[in-house]
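Each chain, written out:
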Amino acid sequence: MRNIVILLLVLAIGIGAWFLLRDDGVLEEVTEARVAEALIDNGVPPVMTQCMAPRLVERLSIAQLQKLERLAPIEGEGALPTSTSAALDRLRRVEDDQAVEQLALVAGRCGIEVGLERFGR
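The rules behind these values
- Residues numbered from 1 in each chain as written.
- Predicted model: local features only at pLDDT ≥ 70, side-chain atom pairs only at ≥ 80, totals over all residues.
- Heavy atoms only, no water.
- Helix = DSSP H or I, 4+ residues; strand = E, 2+ residues; numbered from the N terminus.
- Buried < 20%, exposed > 50% of the residue type's maximum accessible area, 1.4 Å probe, protein only.
- Contact = heavy atoms within 4.5 Å.
- Areas by Shrake-Rupley, 256 points an atom, 1.4 Å probe, with all protein chains shown as cover.
- pLDDT = per-residue confidence, 0-100.
- Salt bridge = Lys/Arg side-chain N within 4 Å of Asp/Glu carboxyl O.

1. Points about the overall build of the protein chain
Within the protein chain one finds six helices and zero strands. The secondary structure elements of the protein chain, listed N-terminal to C-terminal, are α-α-α-α-α-α. Per-residue burial over the protein chain gives 22% buried out of 121 residues. Taking the contacts inside the protein chain whose residues are at least 6 apart along the sequence as the reference set, 53% of them involve residues at least 24 apart. Accessible surface for the protein chain amounts to roughly 8800 Å². Of this, 61% is attributable to carbon and sulfur atoms.

Dropping the structure here:
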């Protein structure tokens, strides 16, 4: 009985902490920082990263964001794909069409927004 009470107490504290951190945006900020770091590490310019990271965190689940980590180069690959087929191979590794679609939409929209800001509207 004592073990059950302790387990329930730990569970209640964990759930409470989850809601507290989530409502304060702490988890979202940490996730957004990790996404931004991953984008920078993979050659995305900082101005694009600032646009893309919050949108990706908003649109994708943690599991989908983790799947996007598969875009990173593996042994024998350069930092950036050198051909269309190499880029498509990396996209296939993600194995989540919705995540890839959202990545493409966010990258496209941010590219347009950054271009408009940079070259004047």
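2. Side note on the confidence of the model for the protein chain
Averaged over all residues, the pLDDT of the protein chain is 80; the fraction at 70 or higher stands at 74%. Confidence, expressed as mean pLDDT per element, reaches its minimum in the protein chain at helix 1 (residues 2–24) with 55 and its maximum at helix 3 (residues 46–59) with 93.

3. Let's talk about the pattern of salt bridges
Per the stated rule, a full pass over the model turns up eight salt bridges. Several salt bridges converge on common partners, so that one network encompasses Arg55, Arg109 and Glu113.

4. Structural notes on unusual backbone geometry
The phi dihedral of Glu95 is positive, around 55°, even though this residue is not glycine. Take Glu95: it is sitting in the loop between helix 5 (84–94) and helix 6 (97–118). Residue class for Glu95 comes out exposed when judged on its relative accessible area of 64%.

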